[in-house]
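Residues per chain, in single letters:
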Amino acid sequence: MDKIDTNSEKLGIPRILLMENAGSVLADHIINHVKELDSRKVVVVAGTGNNGGDGFVAARHLAGYSKEISVILLGNKMKTKESTLNWNGIKNMYKTIKLLTTDEFDFEKKMKPIILEADIIIDAIFGTGIKGLPRKLHSNAINLINDSKAYILSVDVPSGLDPLTGEVNNISVIANETITFHRFKIGLLKRKDITGKIILKSIGIPPEAEEGIMN
Ligand SMILES: NC(=O)c1ccc[n+]([C@@H]2O[C@H](COP(=O)([O-])OP(=O)(O)OC[C@H]3O[C@@H](n4cnc5c(N)ncnc54)[C@H](OP(=O)(O)O)[C@@H]3O)[C@@H](O)[C@H]2O)c1
């Protein structure tokens, strides 16, 4: 996927556009499928990479549709320019989106009720960029997500699942649905027990970006 993204960029479709499409697709899915969304609490639990960036875009598109929308950021330093741009965008939406970051005093104590009282959780902690075992902060958030009674929608890959092998790195979000982008990742198809229903969505990557990569 990384090579396809790079080719897409060379063809004139930058990652920021793909991220906008990914977040918009996620938000549309929720708007079109959740009954009485205006009485539901939506929580985006995000990492600092592009998977988190997809979650920030979804939060922006959902603002105004739900009773309350919160974004919990696991970390304090963005990893990519696209996630930085979209984080800065939602930071200014002080009337419609509540933010919680690890810089806040008693972060973990504050995170717990927000996750446990959510109606819908968007899992945007990590996607294809996971490496090794999730660190403690991330594992704690994943445990809370799995303990909640919320409907869980994973972005691209349930956080903790290796998208290539289908193996779980110690712990993984157990999703009700996974919206994956552009192509099915092999590991997802092996783990319906973790992904829930898998929905494949286009995010506007030109087919030409696959030349030399896909058969
Ligand atoms: N073409 C597409 O399909 C497309 C287009 C646009 C966006 N996207 C989205 O972008 C995602 C990929 O974005 P990405 O490459 O930036 O990777 P990512 O999936 O967002 O993961 C990278 C982030 O996870 C953290 N991380 C990785 N392993 C960790 C671990 N074991 N414990 C704790 N934190 C860990 C990294 O922090 P550290 O570096 O500090 O570990 C980094 O913040 C896709 O899954 C999709 O959601 C996809």
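The rules behind these values
Residues numbered from 1 in each chain as written. Predicted model: local features only at pLDDT ≥ 70, side-chain atom pairs only at ≥ 80, totals over all residues. Heavy atoms only, no water. Patch = residues over 30% accessible without salt bridge, like charges linked within 9 Å, V, L, I, M, F, W, Y side chains within 5 Å. Areas by Shrake-Rupley, 256 points an atom, 1.4 Å probe, with all protein chains shown as cover. Salt bridge = Lys/Arg side-chain N within 4 Å of Asp/Glu carboxyl O. Helix = DSSP H or I, 4+ residues; strand = E, 2+ residues; numbered from the N terminus. Near = heavy atom within 4 Å. Polar contact = N/O pair within 3.5 Å; in protein donor to acceptor, adjacent residues only side chain to side chain. Axes fitted to C-alpha atoms, helices over the stretch in contact; angles between N-to-C directions. Parallel < 35°, antiparallel > 145°, perpendicular 65-115°, else oblique. Left-handed = near helix turned anticlockwise from the far one by under 90°. Contact = heavy atoms within 4.5 Å. Nonpolar A, V, L, I, M, F, W, Y, C, P; charged D, E, K, R; others polar. Buried < 20%, exposed > 50% of the residue type's maximum accessible area, 1.4 Å probe, protein only. Core = buried A, V, L, I, M, F, W, Y, C linked by side-chain atoms within 4.5 Å.

Draft legend 1. Quick peek at a nonpolar patch on the surface. Taken together, the side chains of Phe184, Leu189 and Leu200 define a hydrophobic patch exposed on the protein surface, amounting to about 260 Å² of accessible area. Relative to the helices and strands, leucine 189 resides in helix H7 (residues 186-190).

Draft legend 2. Seen up close, the site of the ligand. Near the ligand you find 24 residues, and of these Asp5, Thr48, Asp54, Gly127 and Asp156 are the closest. In the model, an oxygen atom of the ligand is placed 3.1 Å from a nitrogen or oxygen of the arginine 135 side chain. Coverage of the ligand by the protein amounts to 85% of the 920 Å² it exposes when considered alone. The element that contributes the greatest number of residues to the shell around the ligand is helix H3 (residues 50-62), accounting for three residues.

Draft legend 3. Quick look at the packing of helix H2 (residues 15-33) against helix H4 (residues 81-91). For the pair H2 and H4, the least separation of the axes is 9 Å and the interaxial angle reads 50°. If you check the angle between H2 and H4, you find them oblique. Of the two elements, H2 crosses H4, and the hand of that crossing is right-handed. The segment H2 lies against H4, with Arg15, Ile16, Met19 and Glu20 engaging Glu82, Ser83, Leu85 and Asn86. Its residues assigned to classes, the contact of H2 with H4 comprises three nonpolar, two polar and three charged.

Draft legend 4. Fine view of the pattern of salt bridges. Overall, the coordinates contain ten salt bridges when judged by the stated rule. Here arginine 15 makes a salt bridge to aspartate 2, at a shortest N to O gap of 3.3 Å. On the criterion of sequence distance, the pair formed by arginine 15 in helix H2 and aspartate 2 in helix H1 (residues 2-10) is long-range, its members being 13 residues apart. For glutamate 20, the salt bridge goes to arginine 60, with nearest N and O atoms at 2.7 Å. Of this pair, glutamate 20 sits in helix H2 while arginine 60 is found in helix H3, placing the two residues 40 residues apart along the sequence. Residue class for glutamate 20 comes out partly exposed when judged on its relative accessible area of 24%. In this structure arginine 60 comes out as partly exposed when scored by relative accessible area, which is 27%. Through salt bridges with shared partners, a single network forms among Asp2, Asp5, Glu9 and Arg15.

Draft legend 5. Representation of the environment of alanine 175 in the model. Positionally, alanine 175 belongs in the loop between strand E5 (151-155) and strand E6 (177-181). Between the alpha carbons of alanine 175 and isoleucine 121 there is a distance of 9.4 Å; along the sequence they are 54 residues apart. Setting aside anything within four residues of it in sequence, one finds alanine 175 in contact with Ile152, Ser154, Ile194, Thr195 and Gly196.

Draft legend 6. Molecular detail of the nonpolar core. One finds Phe56, Leu62, Val71, Ile97, Ile122 and Phe181 to be the most contacted residues of the largest nonpolar core, which totals 35 residues. With six residues, the top contributor of residues to this core is H2. Counting 22 residues, the second-largest nonpolar core is a separate cluster that includes Val45, Leu74, Ile142 and Val173.

Draft legend 7. Inspection of the side chain of histidine 29 at higher detail. Structurally, the position occupied by histidine 29 is in helix H2. Judged by relative accessible area, which is 9%, histidine 29 ranks as buried. Reaching out from histidine 29, the side chain makes a polar contact with the side chain of glutamate 177 at a distance of 2.9 Å.

Honestly, it's all geometry; don't read function into it.
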